[in-house]
Amino acid sequence: MQRIVTNCSLDCFDCCSLEAQVEGNKILKLIGNKNHPFTKGMICSKGRKHLDRTYHEKRILNPKLKVDGEFKDISYEEAFNLLVDKLKSIKEQYGSKSVIHYYDSGYTGLSKTVDKMFFNYYGGAAKHSGTLCWGAGLKAQEIDFGDNISSSPKHLVLSNAIIVWGRNPADTNIHMLSYLIQGKKKGARLILIDPIKTNTAKYCDEYISINPSTDGALALGMAKYIIDNNMMDDGFIKENIHGYQPFVESLNEYNLDYVSKVTGISKESIISLCEIISKDKCAFIIGYGMQRYKQGGNATRCINALAAITGNIGKAGNGVYYSNKTVSRYISGEVDLSTNNVKQRRSYSKTHLADFILKAKDPEIKMLFITRSNPVLQIPNINKTISAFKQVEFKVVMDHFMTDTAEQADLVLPATTTLEEEDFFSSSMLSPYLNYSERVIEPRNNIIGEYDFFMELAKRMGMEDYPYISRQEFFKRELKPLIDTFGISYEELKAKPFIIPDEDIAYEDLIFATPSNKIELYSNKAKDMRISPIPTFIESKVGDEYSLRLITPHHKDSIHSQHMMDNDGLPEVFINERCRETKGFSDGDVVIVQSKHGKIRCTLRIGDRVKVGTIFIYQGWWIKNGGVNKLTDDSISDMGEQAAYYDCYCKLVNIDDN
Ligand SMILES: Nc1nc2c(c(=O)[nH]1)N[C@H]1C(S)=C(S)[C@@H](COP(=O)(O)OP(=O)(O)OC[C@H]3O[C@@H](n4cnc5c(=O)[nH]c(N)nc54)[C@H](O)[C@@H]3O)O[C@H]1N2
Ligand SMILES: Nc1nc2c(c(=O)[nH]1)N[C@H]1C(S)=C(S)[C@@H](COP(=O)(O)OP(=O)(O)OC[C@H]3O[C@@H](n4cnc5c(=O)[nH]c(N)nc54)[C@H](O)[C@@H]3O)O[C@H]1N2
Ligand SMILES: [Mo]
């Protein structure tokens, strides 16, 4: 038996190193790689499922063409011929920008970014800006701190307090959870702020239940209390904050009565929280849940401000943990270079894919090419997305399985899994490592992975300038900035995980890459974006008919839709027993959850897991069971073009009344 080090390809904080136990071309077992310095052999059920997904009976093993509404297996030869014909004729008639190349982070390794390179050599397809994931918070970090970095979580053992704010590491980030537990053992007070009493709450000293989208008010109210009671860090403020005075002046209305009413948190709890965080060594672990709102960017800025005025930046044990773009900034080669070949440019906000297709003129959208993603299910407002897709003449989807997006396609192409590819992986969310991942087995049924697929397609398209280089050469060129900057060889990068030396405390030098080189509580950059230069809060109003706020968070056992394929039954909708909307319903009832955009059937769960006035359903359920994005609205956040999924209002309808 052979042991091969490979890697998880899921879009996650942890970027786990895996060990495959192999005999011949057959994997017997997949476990965590105990020798990895960050993930240390601990992996989650989703990581283990790469094995399952690779050998799954429903895996797409051949290209498939839709003929009279039915998919039929075709050969690669036929698929390439069809693609060359469509890509050439559409470009000739309408220009390359009548094609959309849509991708996301379904697979996070380097080798599959060649899909973008192909479309750059094609002349430039229409492509998205913004994100479905974490854009508002990213922009907030950039405005306030000038960068997107976090300290190593190993320093949390030194913290006096750790505030987990709208993040659920017990389910979404298991290695962070270990650090939180260690921090707590060493004496840190661990507090969770979330409208849902998640699995993370079980590990905390205190759980604070907050009304959705009111974090900005809480943070500003706390800032006011801290400043009014002289609990801020004057020395730190003087040296390191730009715009403190206008920030203080903006806080007038955030008295405890107002803040308590808006957030649904008692005044005593707010005061106690202020006392805890105004001491030193307090860390803020900010999640992506709380920025999926129209004012998600400002909410994040308000929390950043709280860390800043209490001097909790730049030392071991304190800091804001949101994102961690470290090695990724030293990766740049052929893919970036290929942008020089773009002749036609066209872009749209990712969340607005459907509107873009529906409204595009001169040229209209003629072709959709979708890789590494499942937009029909994952973008807000499924019904609108499906109507838009129906308008597009030719749709191509490359995936492992017949997803809801693949079902809409005309041509479906198979894809290799991480176990069938040699690659390099990194995450910009938390893990600071670059991991090399060996190919474990030859692809099933000779599936052609993206690297070879797009090269072959480029060849057949006659793209002369496309880099027809080996995979090794491609990796070397992509990793060149890292190799040159840190004087490490390509072979060393393959031999062991790489971490940038001496970078484990974010902003330790207290120099910020903002225009003032300080933390900016007043930002001209924000002003230029036509948003408030000072972090602010706007109260959102709940309507009469759709009175319940719907949150659709991430499930412990699935990354988005990827592990929900075999689910039977209906998704569950969770509601508080004290909600007046439960009247006439019992726990376990099948109900209809309806928004102004659509409806789905769910099993009702009545209990105490969620704040009164709010309901939640996990995202990722397929349409066959009940895709939650039938309910969501395609609005975007105040900054960073983030999908505001959780600004969603619903009602419960009795199944007999429908
Ligand atoms: N198991 C698993 N792990 C994953 C993923 C997955 O799908 N499954 N997805 C990966 C990806 S792509 C991402 S982006 C991350 C997401 O990782 P997280 O940010 O940890 O997860 P989310 O479910 O997006 O949201 C976190 C929490 O925000 C809370 N929340 C919602 N609205 C508010 C609010 O207004 N205020 C506050 N304070 N809290 C609020 C939600 O209730 C939820 O518990 O996880 C990654 N890891
Ligand atoms: N309601 C609601 N919706 C949400 C969210 C939410 O919180 N609420 N969260 C949002 C977030 S944070 C994110 S990041 C997005 C994620 O949106 P997506 O990335 O579109 O979601 P996934 O379901 O992970 O789909 C990835 C697809 O890529 C395929 N895939 C995996 N590996 C490969 C490969 O190597 N090659 C190819 N070609 N395909 C591959 C998988 O089989 C899967 O079908 O969803 C967003 N949608
Ligand atoms: Mo995400």
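Residues numbered from 1 in each chain as written. Chains lettered and ligands numbered in written order. Predicted model: local features only at pLDDT ≥ 70, side-chain atom pairs only at ≥ 80, totals over all residues. Heavy atoms only, no water.

1. Some words on the state of the cysteines
Here's step 1: The final tally for this structure, using the stated rule, is 0 disulfides.
Here's step 2: Cys16 carries a free sulfur, and the closest cysteine sulfur to it, the one in Cys8, is 6.1 Å from it.
Here's step 3: Relative accessible area serves as the criterion here: at 10%, Cys16 is assigned to the buried category. (Disulfide = S-S within 2.5 Å. Buried < 20%, exposed > 50% of the residue type's maximum accessible area, 1.4 Å probe, protein only.)

2. Some thoughts on the site of ligand 1
Here's step 1: Asp194, Ser213, Asp215, Arg292 and Tyr293 are the nearest of the 36 residues found near ligand 1.
Here's step 2: Separating an oxygen atom of ligand 1 from a backbone N or O atom of His560 is a distance of 3.1 Å.
Here's step 3: The fraction of the free accessible surface of ligand 1 (910 Å²) that becomes covered by protein chains is 99%.
Here's step 4: In terms of residue class, the shell around ligand 1 is made up of 17 nonpolar, 11 polar and 8 charged. (Near = heavy atom within 4 Å. Polar contact = N/O pair within 3.5 Å; in protein donor to acceptor, adjacent residues only side chain to side chain. Areas by Shrake-Rupley, 256 points an atom, 1.4 Å probe, with all protein chains shown as cover. Nonpolar A, V, L, I, M, F, W, Y, C, P; charged D, E, K, R; others polar.)

3. Structural notes on the packing of aromatic side chains
What describes a pair of aromatic rings is the distance from one ring centre to the other and the angle between the planes of the rings.
Here's step 1: Tallied over the entire structure, the rule returns 33 aromatic pairs.
Here's step 2: Their ring planes at 35° and their centres at 5.4 Å tell us that Phe145 and Tyr507 sit as a pair that is tilted. One end of the pair, Phe145, is in helix H4 (residues 135–145); the other, Tyr507, is in the loop between helix H21 (490–495) and strand S20 (519–520), with 362 residues separating them in the sequence. The exposure classification of Phe145 matches that of Tyr507, with both residues buried.
Here's step 3: Put simply, the rings of Tyr76, Phe80, Phe118, Phe119, Tyr122, Phe369, Phe453 and Phe454 pair up and form one aromatic cluster.
Here's step 4: Here the guanidinium or amino end of Lys366 rests over the ring plane of Tyr94, the centre of that ring lying 4.7 Å away.
Here's step 5: A cation over a ring is seen here: Arg609 above Phe574, with NZ or CZ 4.6 Å from the ring centre. (Phe/Tyr/Trp six-rings, centres within 6.5 Å; stacked < 30°, edge-to-face > 60°. Helix = DSSP H or I, 4+ residues; strand = E, 2+ residues; numbered from the N terminus. Lys NZ or Arg CZ within 6 Å of the ring centre and 35° of its normal.)

4. Points about the sheet that holds strand S13 (residues 319–321)
Strands pair in a sheet through their backbones, by hydrogen bonds, and they do so in one of two ways: parallel or antiparallel.
Here's step 1: One open sheet accounts for 5 strands, arranged S10-S9-S8-S12-S13; its pairing is parallel. Edge strands, defined here as strands with exactly one partner in the open sheet, are strand S10 (206–208) and S13. Ignoring strand direction, the axes of neighbouring strands in this sheet form an average angle of 20°.
Here's step 2: Where strand S8 (residues 161–165) meets strand S9 (residues 189–193), 5 bridges bridge the pair, whose relative direction is parallel. Across the sheet, residue Val164 finds its bridge partner in S9, namely Leu192.
Here's step 3: In the packing of helix H6 (residues 174–185) onto the sheet, the strands contacted are S8, S9, strand S12 (282–286) and S13, and the crossing angle to S8 comes to about 145°.
Here's step 4: In the packing of helix H12 (residues 296–309) onto the sheet, the strands contacted are S8, S12 and S13, and the crossing angle to S12 comes to about 170°. (Pairing = 2+ DSSP bridges. Axes fitted to C-alpha atoms, helices over the stretch in contact; angles between N-to-C directions. Contact = heavy atoms within 4.5 Å.)

5. Digging into H4
Here's step 1: Of all 11 residues in H4, 9 are buried, a share of seventy percent or more.
Here's step 2: Taken residue by residue, H4 has Gly135, Ala136, Gly137, Leu138, Ala140, Gln141, Ile143, Asp144 and Phe145 as its buried positions.
Here's step 3: Buried positions along H4 lie against H12, S13, S20 and helix H22 (524–528).
Here's step 4: Backbone geometry just downstream of H4 places Gly146 in the positive-phi region, at approximately 80°.

Scope: geometric values only; no functional claims are made or implied.
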